Every structure is written in C-alpha cells, then in structure tokens.
Amino acid sequence: LRRLIDEIGPIYPDFDIDSVKKWVHLCAPHVWVGWSRGGIDTIDDFVTDYFRTRSRDECADFEAKGLTRDVELEGILKIHPVDLALIGPGPAPMDVQLTLRLEVKARHAVVRRDNQLVSGSRKVRQVQYFWRIVHDGDRWRLHEVWPAEDDFRRADDAVDVPQITQWRQPVNPSGGES
C-alpha cells in the first residue's frame, strides 16, 4: 500500500492517507449514531447503495426480531490500510476500493427488548472493524463494515489497481484536466 503514499496520494488528494483518515473520522460517528437509532438515513451522502440497502435490511430484520443495538463510539484509535483493489470497470479513481482496519474504542451490543444481551459487550472496549470504502470518481463512500474477528483475506478475484498513468486525470480547480 506504499502506492497510496508514493504514487497515488500526491496526484489524487482523496487517496492521500491523511485525507482518508480525515474522511473516516468524519463518517464514523454518523455510522454509530445510525446504528443506535436503527437507521442510517442521516449518512446517505457517505455510503454506497449497497451499504444503504444492506443497513436498511439489517435494521428491519433487527426490528422484526425485537433486537436493538446499544452502541457508543468513544473514539478511533488507529486506521490501517490493508488492501487496494479495482472492483468495477473504472476508469480509476472510480471503482477503486480501499479496505481499512479500524481500531476503535467503542461499545457495540445487540440486545433484546427485555434488555437481554444477545451479542457484543455493554462495556466500552477496544475493538476492530474492517471498512471497505469505494471511490465513486468524486469522493469516497462507505461500502461495507464488519467486525475484524479474523485476519483480512483478499478475495481471489480481487484486481490490483492499474498504474497511475491509466487513471482518469484529476480535474484542476480551474476546470480543466491537470
């Protein structure tokens, strides 16, 4: 992932690791608030259609089963890039997916209506999540979140991002390509 720092970030500011971390710090609190409220509608501009649909389905499933999330994000401790792949036709930067491992201090419990703990913990503790974010050609969008219970394994069909010379040229502030 040295390519983010040495090759991609200097030309595409969204891919600069500090910019990615800033984006995650802006997005994460909204994800936890959405989980606590049982819906992520407040972060539609931060997520892909896939994430939105999956979250709504999961919230409906929780409601049907009489479950809720008891969550709190105290803070993000570390953000580690783990994989960079192309997941669609592009051209890059569109369809570039970045997988991150987040170390957070948070509470994440699933409870029944009778307040019985189903999973997770009611205590704030250090936990890890994988986040997949996808660039839509203009900005990052959250695509998937799951607990980092095992080491990350790259999909067999994952495709490396092309060389930077094959990416769509960024638009400079005056409106033309740079």
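As a reminder, the structure under discussion sits directly above these lines.
Residues numbered from 1 in each chain as written. Predicted model: local features only at pLDDT ≥ 70, side-chain atom pairs only at ≥ 80, totals over all residues. Heavy atoms only, no water.

Engineer: When you look at the overall build of the chain in this model, what are you seeing that I'm missing?
Structural biologist: Along the backbone of the chain there are three helices and four strands. Along the chain, helices (α) and strands (β) appear in the sequence α-α-α-β-β-β-β when read from the amino end. Overall, the chain is about 60 × 35 × 25 Å in size when its C-alpha atoms are taken along their principal axes. The proportion of buried residues among the 178 residues of the chain is 43%. (Helix = DSSP H or I, 4+ residues; strand = E, 2+ residues; numbered from the N terminus. Buried < 20%, exposed > 50% of the residue type's maximum accessible area, 1.4 Å probe, protein only.)

Engineer: Looking at this structure, I do not really get the packing of aromatic side chains. What am I missing?
Structural biologist: Two descriptors summarise a pair of aromatic rings, namely the distance from one centre to the other and the angle between the planes of the rings. Overall, the coordinates contain ten aromatic pairs when judged by the stated rule. On the numbers, 4.9 Å between centres and 45° between planes, the contact of Y12 with W167 is tilted. On the criterion of sequence distance, the pair formed by Y12 in the loop between α1 (2–8) and α2 (17–37) and W167 in the segment after β4 (140–147) is long-range, its members being 155 residues apart. Exposure class is identical for Y12 and W167. Each is buried. (Phe/Tyr/Trp six-rings, centres within 6.5 Å; stacked < 30°, edge-to-face > 60°.)

Engineer: Would you take a moment to explain α2 for this structure?
Structural biologist: Residues three or four positions apart in an α-helix share a direction because the helix packs 3.6 residues into each turn. A rise of 1.5 Å per residue sets the reference length of α2, with its 21 residues, at 30 Å; its end C-alpha atoms lie 30 Å apart and thus fit the reference within 8%. Regarding α2, the residues found buried are I17, V20, W23, V24, C27, A28, V31, W32, G34 and W35. Next to the buried residues of α2 lie α1, β1 (67–86), β2 (96–112), β3 (117–135) and β4. Structurally, the start of α2 carries an N-cap: the backbone nitrogen of D18 is 3.1 Å from a side-chain oxygen of D16. Just downstream of α2 lies G38, where phi reads positive at about 85°. (Expected span 1.5 Å × (residues − 1). Contact = heavy atoms within 4.5 Å. Polar contact = N/O pair within 3.5 Å; in protein donor to acceptor, adjacent residues only side chain to side chain.)

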